[in-house]
Every structure is written in C-alpha cells, then in structure tokens.
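Next come the chains, spelled out residue by residue.
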Amino acid sequence: MAKKQVYDASSIQVLEGLEAVRRRPGMYIGSTSRKGLNHLIYEIVDNAVDEHLAGYCDHINVTLEKDGSCTVEDNGRGIPVGMHEKGVPAERLVYTTLHAGGKFDNDAYKTSGGLHGVGSSVVNALSTYLDVKVKRDGAIHHDHYARGVPDLDLVKGLLPVVGKTKETGTIVNFLPDPEIFEVTRFSATEVRSRLHETAYLNPGLTIHFADLRGDEPKENTYHEPEGIVGYVREMNKSSECLTEPIYFKGHDEGIQVEVALQYVNEFHENVLGYCNNIYNADGGTHLTGFKTAFTTVMNSYARTIGVLKDKDANFTGPDIRNGMTAVISVKHPDPRFEGQTKTKLDNPDASRVVAKIVSEEAPHYFDRNLDALKAVLSCAEKSAKIRKAEEKTRTNMLSKQKYSFDTNGKLANCISRDASKCEIFIVEGDSAGGSAKTARDRNYQAILPIRGKILNVEKASIDKVLANAEIKTMITSFGCGFSEGYGNDFDITKLRYDKIIIMADADVDGAHIGTLLLTLFYRYMPELISEGHVYIAMPPLYKVMPAKGEGEYLYDDKALERYRKKHKNSKFTLQRYKGLGEMDPEQLWETTLNPETRMLRRIEIGDARLSSDITEILMGTDVPPRKEFIYEHARDAELDV
Ligand code: 0RA
C-alpha cells in the first residue's frame, strides 16, 4: 500500500512550478498544437544528445509506441539516481524542477559540456504519465510520474531497483496529456526530419527511429559521419551542383564554428544557422558574421581576378549568395536569444568569431580551388544582371498594375473590403471556378480560377516568375507585393484576404497544383504561410444519409470504413462526390465553401529546413513519400469554425 506523500515547502514549490507549466504550456513549448506536441520528443532527445556531447553516449533510440506514447532510450551514463542534498534522488529533481538557467549546481548532476537540457520537467508536467528507467551501477532503477507528480514509493529514500544490468543508459517513456494538447498524435514525418537533422549536426551519433503505430512497423537509422557537409549535400541532392561542398571550421573566444556551403544552379539562397545544435529560424549574429565576411572576401576576389572593374559597384550580399546552400553551426558556452521565441541568436561575439574564421579560412579554400571561385562569382554576376533588369521591370510592373486589380479579368472579387472577414479561393480549372463563383457568399468570398499548372518557381528565375500571368494576378489580388533575394517589397499588412484557400481536386494533379502554389508562396510571400493565412480546402469524398438523424460528410476511405463498422445494423444512403468540377454549385457550397460545414487544413510550415524537406517530398519524383505527406497531414486536419 502506497504511503501518503508528505509535502514539505520544497515539494510544494515543485508542484506550483509544474502547475504553472500546465496552466500556460505555450510559454514553455511554444504551442499546444502538433508542433508543441512533437516538441516534447525533442526536449527529451536533446537531453540524450547533450549526454553525447559530454562524450558518453553514441546511440539514441526513439520509438513511437502503438499506445500513442513515445520512448527515448540512450546509452549514456544514466541520469544520476543518488541522494541529492535536497533529500530526494537526483533523478526526481531532473523531472520535477523547472530550472531556468539549466545548470545544476550540484556535483551529482554536472556534465563536462555543461549543456544538459532543461526541458525534462516540462515534458513531465504535460504528460499523463512519464516512466523512467535508469541503468547505472549494475542496476535498473525505476521511477514513475502522473501529470508531473511522482507516484512510486522510495525505498530508504532511493528509487526502487527492478533488475540487474551491466549496461548504462536512460529510458524515458511518456504519454502526452490530451487535457493539454489539441492533438496527441505525433507526426512521424516531422520527428524523422528533426532526428535526421540531429544526426547531421552530431556526426558521431547514431539515432534509430521506429514508428510502431501502423499495421507494420516503420524504422529508420540516421548516422551521418560527414556531418554538416552531408547535410548540405542532402539538401542539394536533387539540384544541379556547381561546386563541391566547401567546409571550414575554427574556434576563438571559446566559440566553435563550423561552416559547410555549396552552390547550385538555382536562383535562391538557403542559409541555415544553428547554435548548440538548435536551429535558429530567424538566424542571428552567427549568420550576420558569416554573410558580411563572405561578401567582403568574394568582392575582393572579384576585383583581383577582374570580374569587377574599377568602375563597377560591389556585388550585394544576396548576389554573392545566389545559389548558395549553407549550414553555419556554432557552439557557444552562453547563448543568448532575441525575443520570446528563441529563434534568433543575439551574442555579438558569435558574429565577430564567425566573421574572423570565414575571412581566414575562405581564402585558404578559394586560393586553391579556382574553379569553385569562378563558379561562385559567375552566380553573383548572373544575379547582379537580373537584379538590375528586375529593378526596372518591377517598377514598371507594379506601377502599371497598381490600380488594375485583376489583370486577366478572371478574379471574381468579394464586396467587403474588410480584410479580416474576406477569403480568396484559388480554384483549379475553369469549370470548378464557374461553379464556385455561383455558389459563393459574394460578400466575403472571392474566387480566382487558375488554369492548368502554374510555373514551377523552384526551378525558374525571378523574371520568368513575374512574367507568368497567373502569378501576376495572384500577387496583385493579394495586394502585398512579393519578396525575393534582391529586396523585400512584401507588406503583409496590405493583405486583402484573411484566408487564402487553395481548392484543388484530391488527386495527383490537385496535389501537384497545391504544391506549386505552396512553393510560390513559400519562396516569394513566406509570411502568408508563417502568419497562418494559407489553407487547403478539403472537399469530402462521401456524404452518408442515415434513415434517421443528420447526414455526415466523410473525408476519406478510412472514415467510410469506420462509419460502416459503427453503423453495421442501420440503413444509410451513400453519396460519392467526384472531382470539384463535377459538383453543382449547391454541393460545392455545402462541402467546400460554407464556413459552417467545410473542412480546411491550415498550412503550417514550422521553419525553413523542414519546408525545404516538404517541398522536396512533394516535388520529388518518388511517389510514396509524397503520398505519405498528404495522408499524414490530411488526417490531422481540424474543422475550421
Ligand atoms: C548529469 C550527470 C550524469 C549524467 C547525466 C547528467 C545524464 C542526463 C541525461 C538525460 C538523458 N539521458 C541522460 N544521461 C545522462 C552522470 C554523472 C556521473 O555518472 O557521474
């Protein structure tokens, strides 16, 4: 029989801390949507990675269990289980104490890197249960928590021992609390992508992933001995590469710097920044230092070899980075971040040290690799040429089109000018477009039909993109302009519609159109996505009408299967919807346009590295991963009310 817990002052403090996490989870994990949910896994994995960085762990297993829980196992030293000076096993403090700075001042819990993460107690507070097994000192030590509160009796003040072992390591199994999270199904695609990224940033680590939730288990092993060079290679694997990956590293003022970069024959840059293995979505001082120094080095080469003449202006930073894929990874003993989201590195010394290392090391490489130097400068020349031509085209285009709202006469605009209430549907095909125009609520819903497939902007240069009629119409309809490497004229505050809704058939062609549009937005109007304005309409496949009671829409075959099972003994009629083009206006209204009954999926793209992956998944020629993406996200769709 369990003894009643006695709460002293310090355990009450603990409870208050965990209660604060449960009351305002967003403060600790960003959100309670699926993004926040996956974050729980990353918090636990990051602790195991820190044990790797301390030099003691080279394998991590991450398993999405059939019951919806997640297990993270590492072969490090095992979390210390000895009695802490506060009178409880050290392990209990790890899982119940919110420690802002992250560093334990007690010797029982100290690492050489001093990096051990702080998120364990947050994960614990937000889990229905969390179970810990620590393999240390020949024994397996067990602990267990319910919503953050330990519920195993200690044995003489220590954790119960449940077995013997010669191994060391930590096994954590936890189940996210449905009282906290809007969705409790982890996204395997996202978790895999993050684990793979972790493997690239930690070349000595092997991460094994298993998803046991489906009918057959799916497994992946990530081990990337090439490190960030391999990462850059991977990001460029479907592109025409113009150089080999270029790598340099160095350290100063206690900061370690690694840089990998490679040029491809495309008109954009993709430069990712990491600090202590954490991705910095908004960049920061490490990227500033890199960009400034690299631009200076390359402009100086351009003059030396005569690509730039005396009278010429320097290449701009974006010119120099035209076609560049790069990863800048720094290890900093005391990282500081700007703002709440912790996505922008703020330490001035990071900028200084990265710049110093780039100015020293880049010439080392380019002095010996003239072909690479010429390739880079030729990318910059192309960029400068287009930039200059574009500056003209853009002024012409935007001034000409400022007052002509619909260039092709195809937009059926809505009456209201209150952007917060307005929606624009981008509809594939003229026939669906026609029905949609009839069916819509013309007060708030605008319809823009587009024909066939728009340009693949991933592969096209900016002048071609802007010459495309469909794209021009979209840019002028939205009202915000567009942004690209050569300047940012995009102004989200001018957006005329709160929701931009892509409406395409639920088939391969529809998926392709959706992808092209998302790629366009992602490259040239990224704030539309990051601010949550882009949606995909999800027309149902079926409507079932029972003899008694209300009809119901079903969005895929699995849903139909479930419905059939549940209503085995009752009669119902089944209506199957064909493509959008075959629905009459009334059906289209009910299934796709009416805010009361329709289903929308909001496009959430967390950050650049994942989105490059998604673009890659969707644009690539491999059919299976593409299917998986659409499927997995479709299942997570939420009703828009
Ligand atoms: C501090 C000290 C020691 C191990 C750890 C932390 C540790 C923490 C985690 C979190 C997940 N896995 C982990 N593995 C290890 C070791 C202290 C010692 O052995 O002296």
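Residues numbered from 1 in each chain as written. Predicted model: local features only at pLDDT ≥ 70, side-chain atom pairs only at ≥ 80, totals over all residues. Heavy atoms only, no water.

Asker: Is there a simple way to explain the packing of helix H6 (residues 188-201) against helix H7 (residues 228-235) in this structure?
Answerer: A pair of packed helices is characterised by two quantities: the angle between their axes and the separation of those axes. Taken N-terminus to C-terminus, the directions of H6 and H7 make an angle of 135 degrees; their axes are 7 Å apart at the nearest point. With respect to each other, H6 and H7 are oriented oblique. In this structure, H6 uses Glu197, Tyr200 and Leu201 to contact H7, whose residues at the interface are Ile228, Gly230, Tyr231 and Glu234. Split into classes, the residues belonging to the contact of H6 with H7 amount to four nonpolar, one polar and two charged. (Axes fitted to C-alpha atoms, helices over the stretch in contact; angles between N-to-C directions. Helix = DSSP H or I, 4+ residues; strand = E, 2+ residues; numbered from the N terminus. Parallel < 35°, antiparallel > 145°, perpendicular 65-115°, else oblique. Contact = heavy atoms within 4.5 Å. Nonpolar A, V, L, I, M, F, W, Y, C, P; charged D, E, K, R; others polar.)

Asker: Sorry, what's going on with empty space enclosed by the protein here?
Answerer: To find leftover empty space, one rolls a probe the size of a water molecule over the atoms. On inspection of all chains with the given rule, the structure shows three cavities of 30 Å³ or more. As a volume, the largest cavity reaches approximately 60 Å³. Around the largest cavity, the lining residues are Val264, Asn265, Glu266, Phe267, Asn322, Gly323, Cys379 and Lys382. Considering only residue class, the lining of the largest cavity consists of three nonpolar, three polar and two charged. (1 Å grid on protein atoms, 1.4 Å probe; cavity = no way out; pocket = protein on both sides within 12 Å on 5 of 7 lines; lining within 4 Å. Points joined across faces, edges and corners; volume = space filled by probe spheres on them.)

Asker: Just to check I follow, could you spell out helix H8 (residues 285-304) for this structure?
Answerer: An α-helical turn contains 3.6 residues, so any two residues separated by three or four positions project in the same direction. Here H8 spans 29 Å end to end across 20 residues, near enough to the 28 Å set by a 1.5 Å rise per residue. Immediately downstream of H8, the backbone of Gly306 shows phi near 85 degrees, a positive value. (Expected span 1.5 Å × (residues − 1).)

Asker: It is not clear to me how the confidence of the model for the chain should be interpreted in this structure. Could you clarify?
Answerer: In low-pLDDT segments, the atomic positions of the prediction should not be examined closely. Per-chain confidence: the chain averages 84 in pLDDT, with 83% of residues scoring 70 or above. Across residues 620-641 the pLDDT falls below 50, and counting only partners more than four positions away or on other chains, this stretch makes 38 contacts in the model. (pLDDT = per-residue confidence, 0-100.)

Asker: Hey, could you run me through the pairing of strand E14 (residues 324-331) in this one?
Answerer: The two faces of the sheet receive side chains in turn, since in a regular strand these alternate between them. Most of E14 sits inside the fold, with eight of its eight residues counted as buried. The alternating pattern of E14 places Met324, Ala326, Ile328 and Val330 and Thr325, Val327, Ser329 and Lys331 on opposite faces, both of which are buried. One ladder, built from eight bridges, connects strand E11 (residues 255-263) with E14; its direction is antiparallel. Its bridge partner being in E14, Leu261 is matched across the sheet by Ala326. Note that strand E12 (residues 270-275) and E14 share six bridges and pair parallel. What sits directly across from Asn270, in E14, is Thr325. (Buried < 20%, exposed > 50% of the residue type's maximum accessible area, 1.4 Å probe, protein only. Pairing = 2+ DSSP bridges.)

Asker: What is the right way to read the sheet that holds E11 from this model?
Answerer: Sheet strands line up and pair through hydrogen bonds in the backbone, either parallel or antiparallel. Taken in spatial order, the five strands of this open sheet run E10-E11-E14-E12-E13, and their pairing is mixed. Every interior strand has two partners, whereas the edge strands, strand E10 (246-252) and strand E13 (278-279), have only one. Across two bridges, E12 lies against E13 in antiparallel orientation. Bridge pairing in E13 places Tyr274 opposite Tyr279. Running at roughly 135 degrees to E12, H8 makes contact with E11, E12 and E14 of the sheet.

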